[in-house]
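Per-entry structural report
Now for the letters of each chain:
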Amino acid sequence: MGVDAVLMRVEQPGSSPKSRRLTSAATALDHNDSFVRLVDQIRGRSMNPMLERIDPYGSVILTSAEMPQFIEELARLRAFAVTAEDVR
C-alpha cells in the first residue's frame, strides 16, 4: 500500500481557484510501506499532529506554511527508523 509523497508546484495567477495549475516537481515512492509503519508507531501520541493526519488510503495536501512543522515532525520520526529503508 505505501504512502507516496508528491511535491507539487502550485501556480495560481489571481485569486480564482479555476486558474490554479499543479505541476509535479518530485516524487518519493514508499514501496515497502516503511513510512506507514513508522507513522503507525507514533500515532495517538498527540506530539505529531501533521504526521497523524496521514491516511494511507486517502490524500493529505499540505501548504507551504505547514511544511516547517511537517519537516520538524519528520525529523522526530527518524528516531524510530531501524533499517536503511526506513531512513530513506
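Coordinates for the structure precede this section.
None of these values were measured; they are calculated from a predicted model.

**Overview of the side chain of Asn 48**
Within the secondary structure, Asn 48 is located in the loop between α1 (34-42) and α2 (49-52). For Asn 48, the residues in contact, after removing those within four places along its chain, are Ile 42, Glu 73 and Arg 76.

**Some remarks on the layout of surface pockets**
Estimates place the volume of the largest pocket at around 1400 Å³. The wall of the largest pocket is formed by 40 residues, among which Asp 4, Ala 5, Val 6, Leu 7 and Phe 70 lie closest to the centre. At the level of secondary structure, the elements contributing two or more residues to the lining of the largest pocket comprise β1 (5-11), β2 (21-28), α1, α3 (67-77) and α4 (84-87).

About the thresholds
- Residues numbered from 1 in each chain as written.
- Predicted model: local features only at pLDDT ≥ 70, side-chain atom pairs only at ≥ 80, totals over all residues.
- Heavy atoms only, no water.
- Helix = DSSP H or I, 4+ residues; strand = E, 2+ residues; numbered from the N terminus.
- Contact = heavy atoms within 4.5 Å.
- 1 Å grid on protein atoms, 1.4 Å probe; cavity = no way out; pocket = protein on both sides within 12 Å on 5 of 7 lines; lining within 4 Å.
- Points joined across faces, edges and corners; volume = space filled by probe spheres on them.

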